[in-house]
Amino acid sequence: MAAMKRPRPTIHFVSLGCPKNRVDSEVMLGVAADARYEHVDDPARAEVIVVNTCGFIGAAKKESVDTILEMAEHRRAGRCTKLVVAGCLSQRYPEELAAGMPEVDHFLGSSDMLKLGEVLRGRAERMLVGHPADWVVRASDPRALSGRVGSAWVKLAEGCNRTCAFCVIPELRGKQRSRTPDDVVREVEELTARGVREVNLVSQDTVAYGRDLPGGASAEARLAPLVRRVADVPGVRWVRLFYLYPEKLDPELVELVAHHPRVLPYVDMPLQHAADAMLRRMRRGHGGARLRRLVDELRQKVPGLTFRTAFIVGHPGESAAEFEELCDFVRAAEFEHLGVFRYSDEESAASHALDAKVPALVAANRWRRLMAIGRRIAARKNAAFVGRELEVLVEGASEEHELVLVGRHRGQAPEIDGQVFLSGGAELDAPPRAGDLVRARVTQATDYDLAAGLVSVEPRDRPAGTRARGRTLPVLRAGA
Ligand code: SF4
């Protein structure tokens with residue numbers, strides 16, 4: 001008689017916060033897979049629940065705490081026997097959380113992802129938060145992809161050495177630790193062998209990549225040569241750069257973004273403000289003139305540039321005139337994608353000690369006004385796509401309707417920007433699958449999304465040894 005197979009234990013993940021946290025969650029997912037755990041989408045079915053938290057501003061902290069409390073209900077009255085809290089919130093407030101949340105069995109910080117193995121083996125202490133945060137992912141770490149097929153985030157470094165007044169990220173993530181170029185390239189090679197075609201390069205301060213490596217000033221350790229190596233990995237079709245600090249850009253990097261066929265003309269550069277005195281209070285190390293020059297330079301040198309940026313409104317000392325200057329800057333620069341954050345007064349940030357706090361209602365109104373300006377620009381730019389044919393990376397069926405496919409064009413980053421809803425294609429020989437690149441003609445535009453009709457599907461060019469694509473990846477529950 002054949003031996004009965006023991007059912008695999010089940011685990012559920014909630015991944016809050018930014019794409020960097022997503023990578024950490026995927027490493028924990030890999031650790032769980034190595035321990036033979038099966039990921040389940042429904043927390044009610046999970047024996048272990050992991051919440052990977054975010055803790056850098058008030059709203060993120062509240063969402064993290066609310067999520068832990070929601071999952072604690074499963075620990076109290078459901079199937080769950082282990083509730084694990086990981087990430088930036090537990091890195092920041094380990095004692096407070098441990099005292100206030102008796103339902104939580106284990107705490108991991110922002111550098112403790114691999115310790116999940118000890119937790120799953122049942123031999124771990126309750127408090128596993130390491131200080132200071134000192135880890136950065138490596139190609140040899142287990143990592144299971146989640147979300148959409150064909151796309152992955154790749155961390156170049158962890159931590160940040162800058163001292164922006166409003167930011168607690170260096171406290172949460174530690175000093176910058178860059179990965180070696182070889183290790184990044186090795187991970188990209190492994191990802192393409194798993195069907196990844198879009199590589200999204202991310203860190204806290206991407207232009208500073210490599211400066212902390214031995215020989216950090218040398219040519220090999222710089223960002224531009226690494227981007228070129230990543231783009232040349234067989235199977236990579238799109239490379240995107242995130243979190244570029246607005247300092248003088250390396251001409252070689254600008255050249256790659258402008259002309260390399262696989263480095264997308266997409267730049268994510270958080271600018272934070274535009275008024276000189278505000279940038280000084282924020283300790284950004286430059287004035288508004290540099291930002292205007294940088295935006296102009298990139299617009300001139302990069303044909304078809306998509307520019308994503310983010311600003312903070314309501315920072316201490318922000319006057320009405322400075323806010324108006326910011327609005328004028330945004331109108332003139334016409335950013336394709338704009339994120340606006342309301343200042344969050346974090347007790348350990350340098351800006352906490354500043355006078356002239358902006359009342360919450362004023363900050364909320366400024367947020368609404370700047371968002372509205374951004375939305376009008378995005379809508380106008382989106383409308384200009386109607387009638388054009390675009391290259392689109394198919395992500396899979398839309399959440400609204402399984403017969404409608406969704407994807408993204410080169411100017412849309414995963415999980416942050418809008419999407420393209422694809423229809424038609426019944427006459428095509430082979431219908432597209434998740435991970436395919438297609439050509440599609442845009443028929444309609446909303447403020448952030450596009451609708452397009454399929455024109456053709458690019459034949460696949462998988463490198464030798466590539467596994468079949470189109471499989472389902474675990475969906476990590478994300479925040480609201
Ligand atoms: S560069 Fe970014 S992560 Fe680093 S301190 Fe400034 S805002 Fe924070």
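Cut-offs and rules
- Residues numbered from 1 in each chain as written.
- Predicted model: local features only at pLDDT ≥ 70, side-chain atom pairs only at ≥ 80, totals over all residues.
- Heavy atoms only, no water.
- Pairing = 2+ DSSP bridges.
- Helix = DSSP H or I, 4+ residues; strand = E, 2+ residues; numbered from the N terminus.
- Axes fitted to C-alpha atoms, helices over the stretch in contact; angles between N-to-C directions.
- Near = heavy atom within 4 Å.
- Nonpolar A, V, L, I, M, F, W, Y, C, P; charged D, E, K, R; others polar.
- Buried < 20%, exposed > 50% of the residue type's maximum accessible area, 1.4 Å probe, protein only.
- 1 Å grid on protein atoms, 1.4 Å probe; cavity = no way out; pocket = protein on both sides within 12 Å on 5 of 7 lines; lining within 4 Å.
- Points joined across faces, edges and corners; volume = space filled by probe spheres on them.
- Domains from an automatic or database assignment.
- Contact = heavy atoms within 4.5 Å.
- Phe/Tyr/Trp six-rings, centres within 6.5 Å; stacked < 30°, edge-to-face > 60°.
- Lys NZ or Arg CZ within 6 Å of the ring centre and 35° of its normal.
- Expected span 1.5 Å × (residues − 1).
- Parallel < 35°, antiparallel > 145°, perpendicular 65-115°, else oblique.
- Left-handed = near helix turned anticlockwise from the far one by under 90°.

### Here we look at the sheet that holds strand β18 (residues 437-445)
The sheet built from 5 strands closes into a barrel, its strands ordered β15-β16-β17-β19-β18 with mixed pairing. Across the sheet, the axes of successive neighbouring strands diverge by a mean angle of 50°, strand direction being ignored. Here 5 bridges tie strand β15 (residues 389-397) to β18, and the two strands are oriented antiparallel to one another. Following the sheet pairing, E389 is matched in β18 by R441.

### Things to note about the site of the ligand
Around the ligand sit C160, R162, C164, F166, C167, I169, P170, Y245 and R284, and those are all the residues in its vicinity. For the shell around the ligand, a count of residues per class yields 7 nonpolar, no polar and 2 charged.

### Quick look at the pairing of strand β7 (residues 151-155)
The buried fraction of β7 is high, at 5 of 5 residues. Across the two faces of β7 the burial is the same, with S151, W153 and K155 and A152 and V154 all buried. Across 5 bridges, β7 lies against strand β10 (residues 198-202) in parallel orientation. Each residue of the ladder has a partner; that of A152, found in β10, is V199.

### Looking at the layout of surface pockets
Once rolled over the atoms, a probe with the size of a water molecule shows which space is left empty. Taken as a whole, the second largest pocket spans an internal volume of roughly 490 Å³. The wall of the second largest pocket is formed by 23 residues, among which G304, T306, F385, H409 and G411 lie closest to the centre. When contributions to the lining of the second largest pocket are tallied by element, the ones reaching two or more residues are α13 (360-383) and β15. Across the lining of the second largest pocket, the residue classes break down as 7 nonpolar, 8 polar and 8 charged. Two domains each provide a minimum of three residues to the lining of the second largest pocket, namely domain 2 (151-383) and domain 3 (389-457).

### What to know about the sheet that holds strand β11 (residues 238-241)
Judged by pairing direction, the sheet is parallel, and its 6 strands sit side by side in the order β7-β10-β11-β12-β13-β14 without closing on themselves. The two strands at the open ends of the sheet, each matched to only one other strand, are β7 and β14 (337-342). Direction aside, the axes of adjacent strands within the sheet are offset by 20° on average. Summarising the sheet, β11 and strand β12 (residues 263-268) pair through 2 bridges and their orientation is parallel. Residue pairing across strands places L241 opposite V267, the latter belonging to β12. Relative to the sheet, helix α8 (residues 223-231) contacts β10, β11 and β12, its axis offset from that of β11 by approximately 155°.

### Focus on the environment of L83
Of note, L83 is situated in strand β4 (residues 82-87). In this structure, the C-alpha to C-alpha distance between L83 and E47, residues 36 residues apart in sequence, is 8.7 Å. Contact partners of L83, with chain neighbours within four places excluded, come to I49, V51, I68, M71, A72, R75, E103, V104, D105 and H106.

### Quick notes on the domain arrangement of the chain
By domain assignment, the chain separates into domain 1 (10-130), domain 2 (151-383) and domain 3 (389-457). Distance between the C-alpha centres of domain 1 and domain 3: 34 Å.

### So, the packing of aromatic side chains
Tallied over the full model, the rule gives 6 aromatic pairs. Centre to centre, the rings of F242 and Y266 are 5.9 Å apart; their planes meet at 50°, and the pair counts as tilted. Separated by 24 residues along the polypeptide, F242 in the loop between β11 and α9 (251-259) and Y266 in strand β12 bring together distant segments of the chain. An aromatic cluster is present here, built from F307, F311, F329 and F335 joined pairwise through their rings. The ring of Y243 carries K20 above its face, with NZ or CZ at 3.7 Å from the centroid. Between the NZ or CZ atom of R240 and the centre of the ring of Y266, over which it lies, the distance is 4.8 Å.

### Brief notes about the pairing of strand β19 (residues 450-457)
Where strand β17 (residues 420-423) and β19 come together, 4 bridges link them in parallel fashion. Residue S423 lies in a different strand from β19, and its bridge partner there is G453. Between β18 and the antiparallel strand that follows it, β19, lie 4 residues.

### So, helix α7 (residues 181-193)
In an α-helix, one turn spans 3.6 residues; hence positions three or four apart end up facing the same way. In a regular helix each residue adds 1.5 Å, so 13 residues correspond to 18 Å; α7 covers 19 Å between its end C-alpha atoms and thus fits that length. All of the buried residues along α7 are P181, D183, V184, V185, E187, V188, L191 and T192. Looking at the residues trailing α7, positive phi occurs at G195, about 100°.

### Notes on the packing of α9 against helix α11 (residues 288-301)
Running from N to C, α9 and α11 cross one another at 45°; their axes reach a closest spacing of 9 Å. As judged from the angle between their axes, α9 and α11 are oblique. Side by side, α9 and α11 meet where V254, A258 and H259 of the first sit next to E297, L298 and K301 of the second. Taken together, the residues of the contact of α9 with α11 break down into 3 nonpolar, 1 polar and 2 charged.

### As for the packing of α7 against α8
It is at 10 Å that the axes of α7 and α8 come closest, and there the two elements cross at 25°. Looking at the two axes, α7 sits roughly parallel to α8. Crossing hand, α7 versus α8: right-handed. For the pair α7 and α8, contact is made by P181, D182, V184, V185 and V188 and by L226, R229 and V230, respectively. Residues that form the contact of α7 with α8 fall into these classes: 6 nonpolar, no polar and 2 charged.

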